[in-house]
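Survey of secondary and tertiary structure
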Amino acid sequence: MSEDLIATATIDNESITELAPAAPRRVSDLKPRMAFDGRVRRVTLGGAFVDVGIGTDGFLHVSQIVSGDGRPVTRVADALKENDAVKVYVLSVHPKGDRFTLTMRPPAAYDWDNLQVGMKLTNVKVVSQEQFGVFVDFDGPKHGLIPINLMSRGKRPAVGEAIEQVWVVEVDAEKRRIGLTMIQPPDLPWSRIRKGERYQGKVVRTERSVAYVDIGAEREAIVRASAMNMTFVDLRGVISRDEEVTIRVTRVDPGRKVLEAVLENINPQDYVLSAGPDE
């Protein structure tokens, strides 16, 4: 029987029942990592056939059987017998042949389809050390690499050491490559910054004709008075440090690490110097 269940929520003292996704009914409905409480139908020399409630039994190879004491299983009959209840997970699916394989080993916490650039991983363990970096185990589809240039300054983790937190910088399933960093990346990467887009930020420094605004990117946005037709205006009288402002990006150049913007909700005419006869 599948683990898909009916969930019940309570809102304003009224019970509302929500149906979980429909339980698989055929092999083509199965996906790798799905969990089932199955029952052994038949034991063979190479493994066991397990009923998971879809009308077609899945095959559990001897190499995917886990014994109660954690030791490797060499004889299926030593670990399983007909009618045994067993917790299994879908390992692979072959709809055309109406076949699927199972495993008793819980799937890794992360797979290629749920790893994303920018994701934070915690308590990873260093498993090997190379000249170019270290490989760490984070319970994923393979070990991730932390290059030397993406390690905390002056710190090279040793084998067996646990690293409290790292961030994903590359996921390439085709090349089977996972890149990590120990340096916390900016909240707003270059790839998400668009010319013409508006962002909220905080003023970190002001000068007479230039202001710098932090919007969570790798570099602060540069706001120039000249870009807003306020050449003769002292920006220190317009905005101040730690002030929350809205900016509109006018230039973004990831290669040169340049980010320029103008202030929104500012009318330059309100700050134009008087052109009277005294001047």
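In what follows, the structure referred to is the one given above.
Heads up: these notes are all about the structure in this document. Counting from 1, residues in each chain are numbered in the order their sequence is written. The predicted origin of the model limits local features to residues at a pLDDT of at least 70 and limits the giving and counting of side-chain atom pairs to 80 or more, whereas totals for whole chains, interfaces and linings rest on all residues. In computing side-chain properties, one takes all heavy atoms of the structure into account and sets aside hydrogens as well as water.

Only DSSP runs of H or I covering at least 4 residues are called helices, and only runs of E covering at least 2 are called strands; the numbering of each starts at the N terminus. On a plain count of helices and strands, the chain comes out with one helix and 17 strands. Taking as baseline every contact in the chain between residues at least 6 positions apart, the subset at least 24 positions apart corresponds to 57%. Only heavy atoms enter the contact rule, under which two residues are in contact if any of them lie within 4.5 Å.

The next thing to look at is the layout of surface pockets. Method remark: on a 1 Å grid restricted to protein atoms, a set of points is classed as a cavity if a 1.4 Å probe fits but cannot get out and as a pocket if it is open with protein on both sides within 12 Å along at least five of seven lines; lining residues have an atom within 4 Å of a point. Grid points are joined across faces, edges and corners, and a volume is the space filled by probe spheres set on the points. Reported here for the largest pocket is a volume of approximately 350 Å³. Lining the largest pocket are 14 residues, and of these Gly118, Val168, Val169, Pro185 and Pro186 sit closest to its centre. The dominant element in the lining of the largest pocket, judged by the number of residues it contributes, is strand E11 (residues 162-172), at three residues. Gly is placed with the polar residues, together with every amino acid not listed as nonpolar (Ala, Val, Leu, Ile, Met, Phe, Trp, Tyr, Cys and Pro) or charged (Asp, Glu, Lys and Arg). Considering only residue class, the lining of the largest pocket consists of nine nonpolar, three polar and two charged. Looking at the lining of the second largest pocket element by element, the count peaks at three residues for strand E6 (residues 85-94). Looking at the lining of the second largest pocket, its residues break down into nine nonpolar, two polar and three charged.

Extensive coverage of strand E14 (residues 210-214) is indicated by the burial of four of its five residues. Two strands are said to pair when DSSP picks up at least two bridges between them. Sheet topology note: the strand E13 (residues 198-206)/E14 ladder contains four bridges and is antiparallel. Across the sheet, residue Arg205 finds its bridge partner in E14, namely Tyr212. Connecting E13 to the next strand, E14, in antiparallel fashion are three residues. In terms of strand pairing, E14 meets strand E15 (residues 221-224) through four bridges, oriented antiparallel. Three labels apply to residues, based on accessible area from a 1.4 Å probe with only protein chains included: buried if under 20% of the type maximum, exposed if over 50%, partly exposed otherwise in between.

Secondary-structure assignment places Met151 in the loop between strand E10 (144-147) and E11. For the pair formed by Met151 and Gly133, sequence separation is 18 residues and the distance between their alpha carbons is 8.4 Å. Once residues lying within four places of it in the same chain are set aside, the contact partners of Met151 are Gly133, Val134, Ile146, Arg156, Pro157, Met182 and Ile183.

Right, let's get into the sheet that holds strand E4 (residues 47-51). Adjacent strands of a sheet form backbone hydrogen bonds with each other and so pair up, either parallel or antiparallel. Read around the closed barrel, the five strands follow the order E3-E4-E5-E7-E6; overall the barrel is mixed. On average, each strand axis in the sheet is inclined to that of its neighbour by 50°, with strand direction left out of account. In terms of strand pairing, E6 meets strand E7 (residues 99-103) through five bridges, oriented antiparallel. Paired with Ser92 across the strands is Thr101, a residue of E7. Axes here mean lines fitted to C-alpha atoms, for a helix over just the part in contact, with angles spanning 0 to 180 degrees between N-to-C directions.

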